[in-house]
Each structure stands twice: as C-alpha cells, then as structure tokens.
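If you want the building blocks of each chain, they are given just below.
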Amino acid sequence: MNNNTYFIGYPTLKGVQKVFGIWFPKQWFDREQRRGLLIKSWFIGCSIYRFEQGDLLKFATPKTLNCNNLDGWPLVLENGILTSTQFVKKPDAEIMNYDLVIVMGNDINCYRYEDADNIDPADWIDLTEYQLSETDSYNINIVYDELSEDIEESKSIEQILAGKIPRPNRRMLAFVNSQHNGIQQEKDKQYNKYHQEPSITKRNLILPIFILLILLMAILIYFNFKLFSLETRLSQNLSKICSFILLTSFYVVTILLGIKIIKFLYNLPSKVKQANFPPNIVAKNFSYNIKAGDLQATPNLNYSTLPSRANRKKSVLSQWRHYATLFALVSKLSHLVAFRQGKYIDTMIKKLEKGDLMDALRYAIPINGDQPPIGQSFGVPKPREKLSLNESVYGNSLAINLDQQLKNYLQQLYRQSATKLIQQKKIEAAVYVLVELLNNLKEGIECLEQHKMYKQAMELAIARNANTAWIVKLCCLANDWHTAIMIARRDHAFASAIIMLEKEQREIANKLRVEWAKTLAEKAEWLAAIEAIWPLTEYRYLAEQWLCNVDKFNAKAIVKRFILMPDSINKLEECLMEIKTNVSYYQTRLEIAYEILEQQIYIDKLRGLLQIMINHILVDAITYPNKFTKSDIAALIKLTQDKALQVDLPLSSLNRVKQKSLLETSNVIRYHCPDKGQKAIFAMIPLTNNNFLLALGELGIIQVNKQGKQLAHFMIVADSFVVSANRLQVLALIKRDNYYRIHKLDLSTGSIVDLGVIKFDLCCWEFDGINWTIIKDNCLEIIDISDKLSVVWRVDFSPNSVKQIAMNINYKTILTLSNENKYEAFCYSLPEHCLIKRIDINEENNKIFISHDSDIMKMEYNRFNQQLRFRFSDIRYCSEFPLKIVQKQFDNLLIYSTGRLMELMALIIQRIDESGYDIHLFYPFNKKICMTIEWNASTKVSCSYIGDEYCFFDDQGRALHVNVTENKVTSFSV
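Throughout, residues of each chain are indexed from 1 in the direction in which the sequence is written. A pLDDT threshold of at least 70 governs which residues receive local features in this predicted model, and a stricter bar of 80 or more applies before side-chain atom pairs are shown or counted, although totals over entire chains, interfaces and linings include all residues. The side-chain quantities take in all heavy atoms of the structure and omit both hydrogens and water.

*Asks:* Tell me about the overall build of the protein, and name the residues and values.
*Replies:* Secondary structure elements are defined from DSSP: runs of H or I of at least 4 residues count as helices, runs of E of at least 2 residues count as strands, and each element is numbered from the N terminus. Counting its secondary structure elements, the protein contains 25 helices and 44 strands. Relative accessibility decides the category of a residue: with a 1.4 Å probe and only protein chains considered, values under 20% of the type maximum give buried, values over 50% give exposed, and everything between is partly exposed. Within the protein, the fraction of its 974 residues that count as buried is 48%. Contacts are assigned to residue pairs that have any heavy atoms within 4.5 Å of one another. Long-range pairs, those at least 24 residues apart, make up 56% of the contacts in the protein between residues at least 6 apart in sequence. When the accessible surface of the protein is totalled, it reaches about 50,400 Å², and 52% of it is carbon and sulfur. Residue exposure ignores everything except the shown protein chains as possible cover, and the areas themselves are Shrake-Rupley values with a 1.4 Å probe.

*Asks:* A description of the packing of helix α11 (residues 441-450) against helix α13 (residues 468-477) should follow, citing residues and the corresponding values.
*Replies:* At a minimum axis separation of 12 Å, α11 and α13 run at an interaxial angle of 20°. Taken together, the axes of α11 and α13 are roughly parallel relative to one another. Here the hand of the crossing between α11 and α13 comes out left-handed. Contacts from K442, I445, E446 and E449 in α11 reach W470, K473, L474 and L477 in α13. The nonpolar class holds Ala, Val, Leu, Ile, Met, Phe, Trp, Tyr, Cys and Pro. Asp, Glu, Lys and Arg form the charged class, and all remaining residues, Gly among them, are polar. Among the residues forming the contact of α11 with α13, the class breakdown is 4 nonpolar, no polar and 4 charged. Fitted lines through C-alpha atoms serve as axes, helices being fitted only where they are in contact, and the angles separating the N-to-C directions of these axes extend from 0 to 180 degrees. Any angle that falls under 35 degrees is termed roughly parallel, while one over 145 is termed roughly antiparallel, one within 65 to 115 roughly perpendicular, and all others oblique. Each crossing gets its handedness from the near helix: less than a right angle anticlockwise from the far helix is left-handed, clockwise is right-handed.

*Asks:* Any details on the confidence of the model for the protein? Residues and values, ideally.
*Replies:* Summarising the model, the protein shows a mean pLDDT of 75, and 68% of its residues fall at 70 or more. Every residue carries a pLDDT, the predictor's confidence in it, which falls somewhere between 0 and 100. The element-level mean pLDDT for the protein is lowest in strand β11 (residues 272-273), coming to 34, with strand β17 (residues 692-695) highest at 95. Counting interchain partners and residues more than four positions distant, the pLDDT-below-50 stretch residues 168-205 has 60 contacts. The low-confidence segment residues 268-337 (pLDDT under 50) makes 190 contacts with residues lying over four places distant or belonging to another chain.

*Asks:* Hey, could you go over helix α9 (residues 404-423) for me, with residue numbers and the actual values?
*Replies:* In this model α9 runs 29 Å from its N-terminal to its C-terminal C-alpha over 20 residues, within 8% of the 28 Å that 1.5 Å per residue would give. For α9, every residue scored as buried is listed here: L410, L413, Y414, S417, A418 and L421. Viewed end-on, α9 has its buried residues packed into an arc of 140°, placing them on one side of the element. Among the exposed residues of α9, those oriented more than 90 degrees off its buried face are Q405 and Q423. Following α9 by one or two positions, K425 has its phi on the positive side, about 65°. A helix is expected to reach a length of 1.5 Å times the quantity of its residues less one. As used here, the arc belongs to the directions running from the helix axis to the C-beta atoms.

*Asks:* Go over the sheet that holds strand β18 (residues 701-704) with me, naming the residues and quoting the values.
*Replies:* By the convention used here, strands pair only if DSSP detects at least 2 bridges between them. One open sheet accounts for 4 strands, arranged β16-β17-β18-β19; its pairing is antiparallel. Looking at the sheet topology across the chains shown, the edges are occupied by β16 (683-686) and β19 (710-714). Along the sheet, successive strands turn relative to each other by an average axial angle of 20°, direction set aside. Sheet topology places β17 next to β18; 4 bridges connect them, and they run antiparallel.

*Asks:* I'd love a proper account of helix α20 (residues 573-581), names of residues and values included.
*Replies:* Since the α-helix packs 3.6 residues into each turn, any two residues three or four apart lie on the same face. Taken as a whole, α20 has its buried residues at C575, L576 and I579. All buried residues of α20 fall inside an arc of 95° around its axis, so they share one side. Of the residues in α20, the exposed ones pointing more than 90 degrees away from the buried face are E573, E574 and T581. Among the structural elements, α19 (555-564), α21 (586-598) and α22 (603-621) are those in contact with the buried residues of α20.

*Asks:* Provide a residue-level description of the pattern of salt bridges, including the pertinent values.
*Replies:* A pairing counts as a salt bridge when a side-chain nitrogen of Lys or Arg comes within 4 Å of a carboxyl oxygen of Asp or Glu. All chains considered together, the criterion is met by 25 salt bridges. Residues D784 and R489 are paired through a salt bridge, measuring 2.9 Å at the closest nitrogen-oxygen approach. With a gap of 295 residues between them, D784 in strand β27 (residues 779-785) and R489 in helix α14 (residues 481-491) connect regions that are remote in the sequence. Considered together, D784 and R489 belong to a single accessibility category, that of buried residues. Among the salt bridges present, the one from K776 reaches D777, with a minimum N-O distance of 3.3 Å. On the accessibility criterion, K776 (11% relative accessible area) is buried. Bridged by salt links that share partners, the residues R34, R50 and D55 form one connected network.

*Asks:* Explain the environment of E443 residue by residue, including any values.
*Replies:* Mapped onto the elements of the fold, E443 is located in helix α11. With 12 residues separating them in the primary sequence, E443 and V431 have C-alpha atoms 8.1 Å apart. In contact with E443, not counting residues within four places along its chain, are R415 and L434.

*Asks:* An account of the sheet that holds strand β43 (residues 958-963) is requested, with residue identities and associated values reported.
*Replies:* Spatially, 4 strands are ordered β41-β42-β43-β44 in an open sheet, and the strand pairing comes out antiparallel. The strands lining the two open edges of the sheet, one partner per strand, are β41 (941-946) and β44 (968-973). Pairs of neighbouring strands in the sheet enclose a mean axial angle of 15°, with direction left out of account. By the bridge criterion, 6 bridges tie β43 to β44 in an arrangement that is antiparallel. When the sheet's bridge partners are listed, R958 is paired in β44 with S973.

*Asks:* Describe the packing of aromatic side chains, naming the residues involved and giving the relevant values.
*Replies:* We call Phe, Tyr and Trp rings a pair once their centres come within 6.5 Å, taking the six-membered ring for Trp, and we label the pair stacked below 30 degrees between planes, edge-to-face above 60, and tilted otherwise. Tallied over the full model, the rule gives 20 aromatic pairs. Here the aromatic rings of F51 and Y111 are separated by 5.2 Å at their centres, their planes lie at 45°, and the arrangement is tilted. In this pair, F51 sits in the loop between β3 (47-50) and β4 (54-66) while Y111 sits in strand β8 (residues 107-111), placing the two residues 60 residues apart along the sequence. By relative accessible area, which is 6% here, F51 ends up buried. When its relative accessible area of 10% is taken as the criterion, Y111 is described as buried. Summarising the aromatic geometry, the rings of F760 and W772 are spaced 5.6 Å apart at their centres and angled 85° between planes, so their arrangement reads as edge-to-face.

*Asks:* An account of the pairing of strand β21 (residues 729-736) is needed here, citing residue identities and associated values.
*Replies:* Of all the 8 residues making up β21, 6 are buried; the element is thus mostly covered by neighbouring parts of the structure. Sheet analysis places strand β20 (residues 720-724) next to β21, joined by 4 bridges and oriented antiparallel. Residue pairing for β21: V722 is matched across the bridge by L731. With antiparallel pairing between neighbouring strands as the criterion, β20 and β21 make up a hairpin whose turn holds 4 residues, including R727 at a positive phi of roughly 60°.

*Asks:* Describe unusual backbone geometry, listing the residues and the values that go with them.
*Replies:* Residues S798 and P799 are joined by a peptide bond in cis, for which omega reads 5°. As for its position among the elements, P799 is in the loop between β28 (789-796) and β29 (801-807). Residue P831 is reached from L830 by a cis peptide bond, and omega for that bond is 5°. Tracing the backbone shows P831 in the loop between β31 (823-829) and β32 (834-841).

*Asks:* Which residues make up the packing of helix α17 (residues 526-533) against α19, and what values go with them?
*Replies:* Helices that pack against each other are described as a pair by the angle of their axes relative to one another and the distance between those axes. Put simply, α17 and α19 touch, their axes get as near as 11 Å, and they point 20° apart. Classified by the angle their axes make, α17 and α19 are roughly parallel. Viewed along their axes, α17 and α19 form a crossing whose handedness is left-handed. For the pair α17 and α19, the contacting residues are L527, I530 and E531 in the first and K556, A557, K560 and L564 in the second. Of the residues contributing to the contact of α17 with α19, the split by class is 4 nonpolar, no polar and 3 charged.

*Asks:* Now, about the nonpolar core: what can you tell me, with residues and values included?
*Replies:* Take the buried residues of types Ala, Val, Leu, Ile, Met, Phe, Trp, Tyr and Cys, join any two whose side-chain atoms come within 4.5 Å, and each joined set is a nonpolar core. Residues W546, I558, I596, L609, F628 and L636 are the most contacted members of the largest nonpolar core, which totals 53 residues. The set of elements that each furnish at least two residues to this core consists of α16 (506-522), α17, α18 (540-547), α19, α20, α21, α22 and α23 (630-640). Among the elements that line this core, the one with the most residues is α22, at 9 residues. Taken together, domain 3 (453-537) and domain 4 (551-659) each give at least three residues to this core, which thus spans both. Here F628 is in contact with L590, A593, Y594, L597, A621, I633, L636 and R656, once residues within four sequence places are set aside. Core analysis: the second largest hydrophobic core is formed by 47 residues, A461, L474, C475 and A488 among them. Start and end positions for the domains come from either an automated domain assignment or a database one.

Given below as structure tokens:
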C-alpha cells in the first residue's frame, strides 16, 4: 500500500540504534548484490523475505549497530511493526494491519509477509567444490598408548646349527660360559658411572685418594716418633728399624702411585669418544601395540617384528688386569700360567692332528679376532659344553698370547678341519669352525648358502650383523619376505640386494624389484618407481598409472615419457604448447634443457622435444638467472643437429645471466613483513612448484600460490608439518596435551590416511616418506609409516634426557643432557644407523644448538659488551655476530640454521619495547648479515626451513618466504 497523506517527521535512522532488521531496496541494489549483502549480514535465526520492491532481512534478536555504516536501510520495531523510522504518534488502524513499513520522504510503503517469498539462504550455496567428509572419519579409532616390546632376538649358533654337534660329558665346563661372568663384571666396572646415583666424577675419586695419602703420612710420622724415643736403645730396636725401612718404602711407593693416579684422573680425555656406548644404551626393535580394551581393533593394523641387529661393543681394556699381567711377568708366575695353557693347546692340536674333529672342536680356541681383547687370561680354558655364539669374536674376551707361527699353524689346522667336515657333509660343524674359530663370517655364510641352508644363513647373518643387503638377499632365499621387506625399507637396501640376486636368482630378484617399486610409489617417488619397475614388462601398466600422478608440467616427467613411452606423447600436446608459449614457464623450459643434457644417451628420442623448445630455451638463458655455461648451450645447439642455428648463433653473442645467491650479495637487503591477514598460520612449508602449504589449525590445511591465492583445501586439523624429502608427502600433526593426532597427506594424489594418535616428546620435522624419527621417554624410535605405525629401530638414552634432534641425508645427531647438567651429542650414520661418534660438551655455554647438517653450535653472551658469540664444535675460536643485544633479548633469542659455515643462519630477535621482531639472516663464513626483515607485529613470529629456503609466519596471517639460492623473497597474507 502507498500512502502519501500520513506525514512522518523522522524519515531516517541515524547513529547507533537497536536494529531489528535491514531492508535492501530494489532501486539501490540488483539481484546479485542483494544476495551478497544478505549472506554477509545473515546469522543464525534470521529470516529472509523477497518482495517485488526489495529484500527484507529480519533478525531473530535485535542487534545494536551503527546505522551510518549499514549498506541497507536499518529497521526498528514499533508497535509490532518493522519500520524504517520512528513514529511520532501511534499509526492508524490501516497501517497496523501490515508487517513492514518503509518510509521514503512522504511516501509510505507497507508490506505483508504473506505477499513475499520466504528464502532459505542455504539454496544459494554451491557445495560441489567443497571437500566434505563423514563425521565418523574423525573418530579416534587408533590410539598408541603403552609401547610393548615384541622382539625376535638373534639366535645363538647352537640354535642356528640345530644342535648337529653332540654335547660332551656334563662334567666339562663351557669355555665361553666360564669366562662370561668375569667379562660382564669387567664391562660393568668400566661403565659404572652410568649406573650409579649420584654419578662418579673426577672430584669424587680424587678426594678419597688425597685423604688416604694424608692418613698414611700421619701414620708414618707417628711411627717414626715412637720408634726413636729417648727411652729406648738402638740395640733393642733392631727389628723395629727393619720394619720401619720396609714400611717407609711401602708408604713412599703408595704415595707416588697415588700422585700418579691423581694426574691420570685430571688428564682423562673428555672430548670425543668414538662409539663408546654405555651398556644401557642398546639398540633393539619392537612394534607398537594398541592397549587392550582401549578401543576396538581395526583390521588394517598388522603387527610385525623386525630382527634385532647385533650390537657390537668396543672392547674396553682392563687397567687392573694390565697391572696384574706386569706383576706376573716380574714374579715369574707367567711361566706357570704359560705351562698350563700350553698343555691345553697341545692337547687340542693332537686331537686335530689325529682327526678327532668333533671332540677337538670343544677344545679349540678362537683366533683372528677383529678387535683387541680386554686383557690377558690367567686361567686355563675348559672344553666347551655346547656351541653358542659368544662375544669372543667381537673382542670382549680374555686372550691367550700365542706365537705368530703357532697362530698360523692353528689356522691351517682349522681350515683343514673345515674342509674335512664339509666332505663328510657335516656342514653345521664346518660353519662353526669358519665362523666361531676362524672368525670368517663371509665364508661361513657362503658355505651355508652353497648347500641351500638359507634359513640358517639368514639367522647367522642377522646374529653377526652382516651387510644389510646380504641379509635381505638371504631372507628372500629363505622365503622370509616379511623380514626382507622390513629390513630393506628400514636401511634402503633394495637396490643392492637386487643386484646380488639378479646374478643367480632372477625370479626372486624380480619379486623383490616389485616390492621396491611399490615402496618408492608409497613414498611418492613416482619417477624412481617407474625406473625400478620398467625392466619388468608385465608390470609396465603400473608405470603408466604412476606417471599420471606426476605433475604434467614436471620437466623430468616430460623427458621420462619421451624416453619410455614415445607412443603416448600426444597426451602432452597441450601441455607442451603451454610451456612453450607461456612466459611464466621459463623455469620449466630450463629444467627440460637440464634433463636433456643429463639424458644425452637417449637423444634420438629427445631430439624432437629439444627442437621444439630450443629457441625459447636460448632466450631464457640470456634473460633469467640460470646455471648454464657456454659449453652447455653449445652442447644443446649441437644436439639439435640444426646446422643453420649453429652457424647463425655464435656463442660469443650470448650474454648469460648467472644465478646469484643471497650469500653473494655485498649489501644488506631489507624487507618488511606483509600486512595483517585474517587467518592464523600455525605452520608453513614451501613446495616444489612455487606453492606453499599452510596449516590453519582448526580451519584445516590449504595450498596457496605465491600470491596467497587458495588452490586446494584439505579438511585436516593441523598445527605442524613433517615433510618428506621430495615435498610430496606430509604428516599433519595436531597436539592435544602430550598426544598428537597424525594424518598422512599425499599432495600428488590428494589421498589422506589417518595414522591415529601417538604420544611423544620430540620429533624430526623431515622424513624419507616411510621412516620417521621421534623421541619418547628419552628413547629414539624410528617408525615405519604406511597405514600403521610400527617401530623398526630403537635406542634408549637414559639416564640422559634428549633435548634436540637434527638430521640430514647422511647423519642424525641427538643432543642429550646428563644428570650432571653436561651435554652429550650422539652422531649416527644413515641409513645404517651406526653410532660413529659421541661428543662430550663440557664447556659452560648459554645455548647449544644442532644445525641442519648435524653440526653442534655453541652460543655465548657477553654481558659486558652485550656481544653475541658463537662457536662450532670442531673450531676452537669464537666468532662474533655484528650486532648487540641485551640479556632479555638473548633469553628470547631464536636461531635456525640450514647448515654450518657455508650456509645461512636466521636469528629472530625480539625488540626491547616488544613492538615487533627483527629477523637477521647471518652468513657465518664471512661474518656478515645478508638480509634483515622487520616484523612490525607484536605477535610471535615462527620459522620453518627446508633445504636452502626459510619461511616466516605468525598467527595474524602474515607469511614471508626466502629462497637463499635464487635470492628471491615472496610475501603474502591469508
């Protein structure tokens, strides 16, 4: 209804009012604009009515709003009527029959709800492009709580050889068993500082020795005074004089020995101890178990055990046994010991010469030990009661000194005995001679392998810590595929084992090759998987499927298709045209050129691709920074076989643009952080295609380009990432108390696997796609990640507490803190996980860091000049940072490093007034700051780094990426 006679004195609403709805007139907004404004202003409980003259948004409850900032007309409630203005007096009965009154000047427009269409805004939302998941998938079905050991121990040689050698008389004592208890006591004494509380230190040892020397001197003085008393005569004390002389000599020797011990204790080395591992730090294997009764079992959990690798302990020389040996030599007791031991050896030799081999084996003593013994044996060995794999081969045993000529004769007798035993088909006894007596593991395993005793050979190789590839080969021959695959996955031994098997067992090698290819595909190493499976013609269909998972603009994938599948290159027609004509794909064109140079042996298949791209490649080489040399460009031109191009384009005319990294800059580059965004960023990693992956907490994970535009959204709650080496697989973690919910995300296929919930303290933020390292209760655990979590290797560092862990492709370093508040670093080689050194850090430093290349950096702060100094573990002198900070800034200092002297370090320093942060990229090699980033935000800035790339971000949506090699900075907000 329109009424022109009813005058309203207040036609509009101004300022802050209690609003009950908003009117969007048709004259002001078109249909699409009204829809957008309605969605923007809508909240739960609102109602939308569409009239011919406009749209009404009716609030369920009033909201206090500033009417001056509203896009539409604010509405108030007067006498139960929504109106655009306040009535001066009560409206007449005609107006009271309407629900909505809009006043425009002197015009009054009245509407009823029944004349409008009631709109549901849900009909306007298109959900086809949103990733929706069933809520059942967010139930926690897998919880790894208590970790129980499930170990398959290495078998003894008696078990391996299946008791083929009969036991002797029960009265005979076993040689190894008779020595074992004494050996264990020797090792415990050498490592007692790891078992006592409080720990034994130099001071604790020196103090009692010093007190004992004082007491001895006091007794000597007292005895001297009493002996020469004036009341006695010399003739009556002749015996006392002799006693005095003897006691004085004893005391003098004791004092000199005590002084020598004190000097020895002070001069104990404490810098680097090569692979001296306390006995309580033992490598062992087990698998996670779900706690019984917690949750229902899931069918995809396969519990697997992995045989333990033998833990070789370095022999420890016994000091007291060394002195006892010297005493035996001086006192001539060594002759008696040698006589008894010689009689035993003579008996053994006679038995061997007579051919009584089975009895002689019990008297035989091992020779050719690969490590020195812990000391001289003073007893006589006893014949063995049984055959067992003992530690004597590893050097943790007592020794009988033999003449070299006698050693050679014994070795000759042992070899003759082994040959005779093989001729008699007593293979187990022959292997015992080779392995236990001659310490020749290689020949022993080869003997078992030649006689097709593969299971015994496998068990012996595991017990004696043979080469990993050899173990995998023997497991395959023994038809123990589960163990073979688990070991090969853990130690990356597929390729070496396949080479060993292909010589004689091609069928088994092909089967192992299939498992290798599947493992590479599981790691999203698609091109490597294709390379591995391609020799098997019947499985090439897998290669075609895997190639579809690779980015179509990947230069290596394009070259690989031209080489392996030239018949399918028509699928690349549009892609190649886009790469050729689009200027932004210059990097892809250069990478194609690099790959062609690497694959010159297939130039007949690649020449067509090169001829298509050569002109654009040459333009890119002189336009954009790259690593090409003149010889590379000349080689590319020559490979095209285009004579006209070779004549018309002299190399001297090509002025290449060399790539200049951030480390080569002479001046300090300054940047500012981007503007504030709308979403909090909890984690950020750079991907290989100039895109980035961001963790937004409860909002999930998004993939964005370098402008910050969203490309993909994954509905996974995450606040941290663990990224694979190829950056195609990510472990998304969300922390709940001390537990972590883990999802595995494959960016190449978009697949998501829920790995469950696990509790740990620290972890490595990189993994190889299947093996991930965590720290739980001061234990290092390597987890095999497929569709489950299972531990394949474990080391306990107790009583030390683990503080940091870092790794690269070659080494893994763990920084621990002892009960004495001293740092100890343990360095392992990869992928064998062998301890190569242990470093004790005794200097008192303010901060200790492990860099990305596993080098240890010590940070110190000088309060007097407010200078920050750093020193690497293998460099004696300290270097200073070219900036000064106060104590509070040092306490809050954050340091990140992708390497050591040849790489860049990032220092995040909070400003004194807490108004923001200053990020300095420092180059330790020439002690200069290459870049400074001013982070003008009070919120804490975080950092992540992969390779030579740094990412800085905060919880206000700011993100900044620095590529050190390409000297590029990318910033955006989300």
